[in-house]
Amino acid sequence: MTLHQNEIAVDEALVRSLLAAQRPEWAGLPLAPAASGTDNTLYRLGDDLLVRLPRTPDNGRAVGKEQRWLPRLAPFLTCAVPEPVHAGTPTDAFPVAWSVLRWIDGEEPGPDTVSDWTGFGADLAATVRELHAVELMGARRADDLSWYRGGGLRPCDEAFGVSFADCRTAEGAELDVDTLERLWREALALPEPSAPHVWLHGDLKPTNLLVRNGRLHAVIDFGALSVGFPDAEHATVWDLPPDARRAYWNALDLDDATWVRARAWAIGVGVSGIAYYRHTYPAFVAECRARLEAILADAAAR
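Just so it is clear, the structure is predicted and the values come from calculations on it, not from any experiment.

**Some thoughts on the overall build of the chain**
Here's step 1: The helix and strand tally for the chain stands at 8 helices and 9 strands.
Here's step 2: A compact globule built from 302 residues would reach a C-alpha radius of gyration of about 19 Å, and the chain, at 19 Å, matches this within 12%.
Here's step 3: In terms of overall dimensions, the chain has C-alpha extents of about 60 × 40 × 40 Å along its principal axes.
Here's step 4: Evaluated residue by residue, the chain yields a buried proportion of 52% over its 302 residues.
Here's step 5: Accessible surface, the chain as shown: approximately 13800 Å² in total, 51% of it carbon and sulfur.

**Focus on the sheet that holds strand 5 (residues 98-102)**
Here's step 1: With antiparallel pairing, 5 strands are arranged side by side in an open sheet as 1-2-3-5-4. Where the open sheet ends on each side, the last strands, each with one partner, are strand 1 (31-33) and strand 4 (84-88). Each adjacent strand pair in this sheet contributes to an overall mean axis angle of 25°, direction not counted.
Here's step 2: Pairing of strand 1 with strand 2 (residues 40-45) involves 3 bridges; the strand directions are antiparallel. The residue bridging Leu31 from the neighbouring strand is Leu45, located in strand 2.
Here's step 3: Where helix 2 (residues 61-73) meets the sheet, its contacts fall on strand 3 (49-54), strand 4 and strand 5, and the angle it forms with strand 4 comes to roughly 155°.

**Describing the nonpolar core**
Here's step 1: Of all hydrophobic cores here, the largest spans 65 residues; its most connected members are Trp199 and Tyr248.
Here's step 2: The leading source of residues in this core is helix 7 (residues 256-277), at 9 residues.
Here's step 3: Excluding anything up to four places from it in sequence, Tyr248 contacts Gly121, Leu124, Ala125, Val128, Glu233, His234, Val237, Leu254 and Trp259.
Here's step 4: Counting residues in hydrophobic clusters, the runner-up holds 17 residues, among them Ile8, Leu18, Ala27 and Val51.

**Comments concerning the packing of helix 4 (residues 157-171) against helix 5 (residues 177-188)**
Here's step 1: At a closest axis distance of 10 Å, the pairing of helix 4 and helix 5 adopts a crossing angle of 165°. As the angle between them shows, helix 4 and helix 5 are arranged roughly antiparallel. For the pair helix 4 and helix 5, the sense of crossing is right-handed. Residues Asp157, Phe160, Phe164, Cys167 and Arg168 of helix 4 pack against Val177, Asp178, Leu180, Glu181, Trp184, Arg185 and Leu188 of helix 5.
Here's step 2: Here the contact of helix 4 with helix 5 is composed, by residue class, of 7 nonpolar, no polar and 5 charged.

**A word on the environment of Asp231**
Here's step 1: Within the secondary structure, Asp231 is located in the loop between strand 9 (226-228) and helix 6 (242-252).
Here's step 2: With 26 residues separating them along the chain, Asp231 and Ala257 place their C-alpha atoms 9.3 Å apart.
Here's step 3: If we skip the residues at most four places from it in the chain, Asp231 touches Pro193, Thr258, Arg261, Ala262 and Trp265.

**A closer look at helix 4**
Here's step 1: Across its 15 residues, helix 4 extends 20 Å between first and last C-alpha, which sits within 8% of the 21 Å expected from 1.5 Å per residue.
Here's step 2: Three or more residues of helix 4 are buried, namely Phe160, Ser163, Phe164, Cys167 and Glu171. Viewed along the axis of helix 4, the buried residues span an arc of 110°, placing them on a single side of the element. Exposed and facing more than 90 degrees away from the buried side of helix 4 are Glu158 and Thr169.
Here's step 3: On its buried side, helix 4 packs onto helix 5, helix 7 and helix 8 (282-301).
Here's step 4: Gly172 lies just past helix 4 and shows a positive phi near 60°.

**Digging into the side chain of His132**
Here's step 1: Assignment of secondary structure puts His132 in helix 3 (residues 117-133).
Here's step 2: Residues within four places of His132 in sequence aside, it is in contact with Val198, Trp199, Leu200, Pro230, Glu233 and His234.

**Thoughts on the pairing of strand 2**
Here's step 1: Of all the 6 residues making up strand 2, 5 are buried; the element is thus mostly covered by neighbouring parts of the structure.
Here's step 2: Counting the residues that bridge the hairpin from strand 1 to strand 2 gives 6 residues.
Here's step 3: Bridge analysis of strand 2 against strand 3 gives 6 bridges, and the strand direction is antiparallel. Bridged to Leu42 within strand 3 is Arg52.
Here's step 4: As consecutive antiparallel partners, strand 2 and strand 3 are separated by 3 residues, and within that stretch Gly46 has a phi angle of approximately 60°, a positive value.

What counts as what
Residues numbered from 1 in each chain as written. Predicted model: local features only at pLDDT ≥ 70, side-chain atom pairs only at ≥ 80, totals over all residues. Heavy atoms only, no water. Helix = DSSP H or I, 4+ residues; strand = E, 2+ residues; numbered from the N terminus. Rg over C-alpha atoms; globule rule 2.2 N^0.38 Å. Buried < 20%, exposed > 50% of the residue type's maximum accessible area, 1.4 Å probe, protein only. Areas by Shrake-Rupley, 256 points an atom, 1.4 Å probe, with all protein chains shown as cover. Pairing = 2+ DSSP bridges. Axes fitted to C-alpha atoms, helices over the stretch in contact; angles between N-to-C directions. Contact = heavy atoms within 4.5 Å. Core = buried A, V, L, I, M, F, W, Y, C linked by side-chain atoms within 4.5 Å. Parallel < 35°, antiparallel > 145°, perpendicular 65-115°, else oblique. Left-handed = near helix turned anticlockwise from the far one by under 90°. Nonpolar A, V, L, I, M, F, W, Y, C, P; charged D, E, K, R; others polar. Expected span 1.5 Å × (residues − 1). Arc of directions from axis to C-beta.

Structural data, given as structure tokens:
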């Protein structure tokens, strides 16, 4: 499945060639495609390893960031996080950095894997609190740690404005884009965030969370790791059922302005996801649409 114009083609033969050249002791292990996201192609290697290959040259920048910071963040987090075990170097066949991580067993949170959504929301809030409390250790909002979701909303207004228009055309009357845009503009009218910069995972949607026995067990995919304002970190709770959202909000005691800005981030990312992926990634578009419908339901209930 090709998602980007500048996507790097990957298949099993390529992955085996990379392993043979750089980690020959692993080259003969069983290799199978794993669930892949918008930024990386994944292969499970043997029982204990995961090969992670960026889809585009731009995504390749995240590899060094994860290699450097994940080992330093992991001791401060109760949840499991990926453990890098090999930093793959670029080759002629695959011209960007790639990585091998320890495999983490678990399942995506959903109705078949989580029965106590209130507990799950509280667990996620505890993980976010832990991450945001970690000292920056000299890191600052610059270069690879300056992802847009850790900044203010206003610099994104023009780009998201185009996405609102595209989404309105694509969705028609099936999605109340006018109300979504009104909620976005309500957040823009608020003062910019003033909280101290913290560590941010950047994309805590369900596909980046793993559960065991119904409880949050691991947070994966730190490709969006950054330093910045915490507002957008809370946006993905609209991907979870209402009980989880309420528990998350209550556990972190978020003020109304932070919640409104977080909702705006959820809206902006949702409409841009529909606009960008509507011809290439239907499952991801469905996730974005479900998030936006949850926001609309919440707004109607208030």
